[in-house]
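# Fold and contact review
Residues per chain are reported as follows:
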Amino acid sequence: NNLYTNQTAMKTFLKLLAGLIVIMGINSSALAQNNTGTIDPDQCRIQLSYLKFGVEGGDMEASLNAWREVIRLCPQGSPNIYIWGNTILEYKIENAKSADEKSKYVDTLMMNYDLRLQHYPQRFKADDVAKRKAIALMNYAPERYEQIIAQIEDYLRLAGNNADPSMVPQMFQQTKLMFEKKLKTTDDVMDAYDKAMAILDEKLKSKPDDAALLKAKGEVEGLFITIPELSSCDNLIAIYDPRFRANPTDKELLEKIVYTLESRKCQESQLFSDAAEALYQVDPSEKAAMALVTLFLLKNDYDKAIE
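Only a predicted model underlies this, so the values are computations on that prediction, with no experimental measurement involved.

What counts and how
- Residues numbered from 1 in each chain as written.
- Predicted model: local features only at pLDDT ≥ 70, side-chain atom pairs only at ≥ 80, totals over all residues.
- Heavy atoms only, no water.
- Helix = DSSP H or I, 4+ residues; strand = E, 2+ residues; numbered from the N terminus.
- Buried < 20%, exposed > 50% of the residue type's maximum accessible area, 1.4 Å probe, protein only.
- Contact = heavy atoms within 4.5 Å.
- Areas by Shrake-Rupley, 256 points an atom, 1.4 Å probe, with all protein chains shown as cover.
- Core = buried A, V, L, I, M, F, W, Y, C linked by side-chain atoms within 4.5 Å.
- Disulfide = S-S within 2.5 Å.
- Axes fitted to C-alpha atoms, helices over the stretch in contact; angles between N-to-C directions.
- Parallel < 35°, antiparallel > 145°, perpendicular 65-115°, else oblique.
- Left-handed = near helix turned anticlockwise from the far one by under 90°.
- Nonpolar A, V, L, I, M, F, W, Y, C, P; charged D, E, K, R; others polar.
- Salt bridge = Lys/Arg side-chain N within 4 Å of Asp/Glu carboxyl O.

### Looking at the overall build of the protein
Looking only at helices and strands, the protein features 16 helices and 0 strands. Burial analysis of the protein (307 residues in total) assigns 41% to the buried set. Here the analysis covers contacts within the protein between residues at least 6 apart in sequence; of these, 55% occur between residues at least 24 apart. Just so you have it, the protein exposes about 17,300 Å², and 52% of that area is on carbon and sulfur atoms.

### Side note on the nonpolar core
Residues Leu51 and Phe172 are the most contacted members of the largest nonpolar core, which totals 83 residues. For Leu51, the contacting residues outside a window of four places in its chain are Ser63, Ala66, Trp67, Val70, Ile81, Trp84 and Ile88.

### Focus: the state of the cysteines
In the structure shown here, the tally under the stated rule is 2 disulfides. Note that Cys44 is cross-linked by a disulfide to Cys74, the S-S spacing being 1.8 Å. One quick way to see it: the torsion about the S-S bond of Cys44 and Cys74 is about 85°, and its sign makes the bridge right-handed. Residue Cys44 is found in helix H3 (residues 41-57), and its partner Cys74 is found in the loop between helix H4 (60-73) and helix H5 (80-94); the two are separated by 30 residues along the sequence. The exposure classification of Cys44 matches that of Cys74, with both residues buried.

### Concerning the packing of helix H12 (residues 233-246) against helix H14 (residues 270-282)
Running from N to C, H12 and H14 point in directions that differ by 40°, and their axes come no closer than 11 Å. When the axes of H12 and H14 are compared, the pair comes out oblique. Of the two possible hands of crossing, H12 and H14 adopt the one that is left-handed. Taking contact as the criterion, the partners of Ile237, Tyr240, Asp241, Phe244 and Arg245 in H12 are, on H14, Leu271, Asp274, Ala275 and Ala278. In terms of residue class, the contact of H12 with H14 is built from 6 nonpolar, no polar and 3 charged.

### Digging into the pattern of salt bridges
Under the definition given, this model contains 20 salt bridges. One salt bridge in this structure joins Asp107 and Arg144, with 2.9 Å as the shortest N-O distance. Of this pair, Asp107 sits in helix H6 (residues 99-119) while Arg144 is found in the loop between helix H7 (126-140) and helix H8 (145-159), placing the two residues 37 residues apart along the sequence. Classification of Asp107 as partly exposed rests on a relative accessible area of 39%. We note a salt bridge from Asp241 to Arg245, for which the minimum N-O separation is 3.0 Å. Residue Asp241 and its partner Arg245 are both found in helix H12; the two are separated by 4 residues, about one turn of the helix.

### As for unusual backbone geometry
Although it is not a glycine, Lys182 adopts a positive phi angle of roughly 65°. Structurally, Lys182 is set in the loop between helix H9 (167-180) and helix H10 (186-206). Classification of Lys182 as exposed rests on a relative accessible area of 76%. Residues other than glycine seldom take positive phi values, yet Lys265 does so here, at roughly 60°. Of note, Lys265 is situated in the loop between helix H13 (251-263) and H14. Judged by its relative accessible area of 67%, Lys265 is exposed.

None of this, on its own, says anything about what the molecule does.
Structure, rendered in structure tokens:
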């Protein structure tokens, strides 16, 4: 018993010693400033040490309590508060025992992102925080469609010309999902589609050959044409005709137009005729030739079909 007591006392002493080392290492001058919102500098140092040790040791329950105390005592005590906070809250979300518990921790995670920006605006960029919030919502609360859309819109606004184009298809995807669950109308989807394409078209004016922008535009179009209620021949022609007229020799675009119209049985349109012939001129391949065979058969032009 004495041996056990001595060993326990030694372990406790070593933990306290390690904690003191960490506490001494925390920036005392920052905590001493009146404008940091620190209520109790000494308690703040102690709770920060608990927070650091808890996260590094994988004790998320103890870490969560320490994180809450640090937020209360000294929200500007260290930028690591919010980095560690993310680690704790993501763990709690992933291990939540109910949907309600998970939802509450998602809300707290959003709050943690807001606090990091509020207290360290020079350290954390507003557009980066907005993007991280959008991604976190898509990962942990994918059913929050409207909130995700609003968060992506906020990110695109803040990032401006530096925005990640891949976020635009993600934004349109939310409306598509809502439509599939009968939470949005066809008009809502068309409005969302037009909005997404307008954002990308505007950016393409200054960067017409940007691969990421072109890919994002293709992804939005791809999402749209998988909606049977909207991908009628008239809608597809309205989408693709202006693009064809603007780039009548773009092989990738021509292939997309020809094969999309074929798959939707829209070969009798003038657009299919023009695009199929243009594709064969650009790339006289087997597939392009078969598209022309279909075209000429529909026109009863058997001589050209045989050729």
